[in-house]
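# An overview of the molecular structure
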Amino acid sequence: MIRKAKPSDLSAIVDLAVTSVSINPFPVKIDRAAMRDTAEQCLQPAHFLMVSEIDGVVVGAVAAMVQPSFWYEKLQCSVLLHYSTKTGEWAKLMREFSRWVKSRSCIKVAILEL
């Protein structure tokens, strides 16, 4: 089930974030507190944080923040996390994210790093 994230999901979201950068390591120090703080900000209505839940377990998440664009008068949306441990759930989350972006005319561009 794809749903909006809740504060009680933050630990699972951070675990997914740590896993996602550990599989294909970035040259950064993992800071779980900073990840949690950022995920908590994404719970705000201006931003995006959805999870995939199967049998009561969070198995995927997409988090994005909206901010003024450097290049455009409108806003941009930057994806901070997109990861799932279950086949097929990532695509469902990304479809929901795409619908969300398209429903907000104030967003000019969405940025996603694969």
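Residues numbered from 1 in each chain as written. Predicted model: local features only at pLDDT ≥ 70, side-chain atom pairs only at ≥ 80, totals over all residues. Heavy atoms only, no water.

Right, let's get into the overall build of the protein chain. When helices and strands are tallied, the protein chain shows three helices and five strands. The order of helices and strands in the protein chain, counted from the N terminus, is β-α-α-β-β-β-α-β. In terms of overall dimensions, the protein chain is globule-like: its C-alpha atoms have a radius of gyration of 14 Å, near the 13 Å expected for 114 residues. Counting only C-alpha atoms, the protein chain reaches 40 × 30 × 25 Å along its principal axes. Evaluated residue by residue, the protein chain yields a buried proportion of 39% over its 114 residues. A separation threshold of at least 6 residues defines the contact pool for the protein chain, and within that pool the share at least 24 residues apart is 54%. When the accessible surface of the protein chain is summed, it comes to about 7,200 Å², and 57% of that surface belongs to carbon and sulfur atoms. (Helix = DSSP H or I, 4+ residues; strand = E, 2+ residues; numbered from the N terminus. Rg over C-alpha atoms; globule rule 2.2 N^0.38 Å. Buried < 20%, exposed > 50% of the residue type's maximum accessible area, 1.4 Å probe, protein only. Contact = heavy atoms within 4.5 Å. Areas by Shrake-Rupley, 256 points an atom, 1.4 Å probe, with all protein chains shown as cover.)

With that out of the way, let us pick up the packing of helix α1 (residues 10-23) against helix α2 (residues 32-42). Two elements in contact, α1 and α2, have axes whose closest approach is 9 Å; the angle formed by their N-to-C orientations is 120 degrees. In terms of orientation, α1 and α2 fall into the oblique class. Helix-helix and strand crossings are classified by hand; for α1 and α2 the assignment is right-handed. Here α1 contributes Leu-10, Ser-11, Ile-13, Val-14, Asp-15, Ala-17, Val-18 and Val-21 to the contact with α2, which in turn contributes Arg-32, Met-35, Arg-36, Ala-39 and Glu-40. A class-by-class count of the residues in the contact of α1 with α2 yields eight nonpolar, one polar and four charged. (Axes fitted to C-alpha atoms, helices over the stretch in contact; angles between N-to-C directions. Parallel < 35°, antiparallel > 145°, perpendicular 65-115°, else oblique. Left-handed = near helix turned anticlockwise from the far one by under 90°. Nonpolar A, V, L, I, M, F, W, Y, C, P; charged D, E, K, R; others polar.)

If you look at the biggest cluster of nonpolar residues, it comprises 15 residues, and the most contacted ones within it are Ile-13, Leu-49, Val-51, Ala-61 and Leu-81. Elements supplying a minimum of two residues to this core: α1, α2, β2 (48-54), β3 (57-68) and β4 (75-84). When near neighbours in sequence (up to four residues on either side) are disregarded, Ile-13 contacts Ala-5, Ala-39, Leu-49, Val-51, Ala-61 and Leu-81. (Core = buried A, V, L, I, M, F, W, Y, C linked by side-chain atoms within 4.5 Å.)

Here we come to the packing of aromatic side chains. Counted according to the given criterion, the structure contains four aromatic pairs. Pairing Phe-70 with Trp-71 gives two aromatic rings, centres 4.7 Å apart and planes at 85 degrees, and the pair type is edge-to-face. Grouping residues by exposure puts Phe-70 and Trp-71 together as exposed. An aromatic cluster is defined as three or more aromatic residues linked by ring pairs; in this entry it consists of Phe-48, Phe-97 and Trp-100. (Phe/Tyr/Trp six-rings, centres within 6.5 Å; stacked < 30°, edge-to-face > 60°.)

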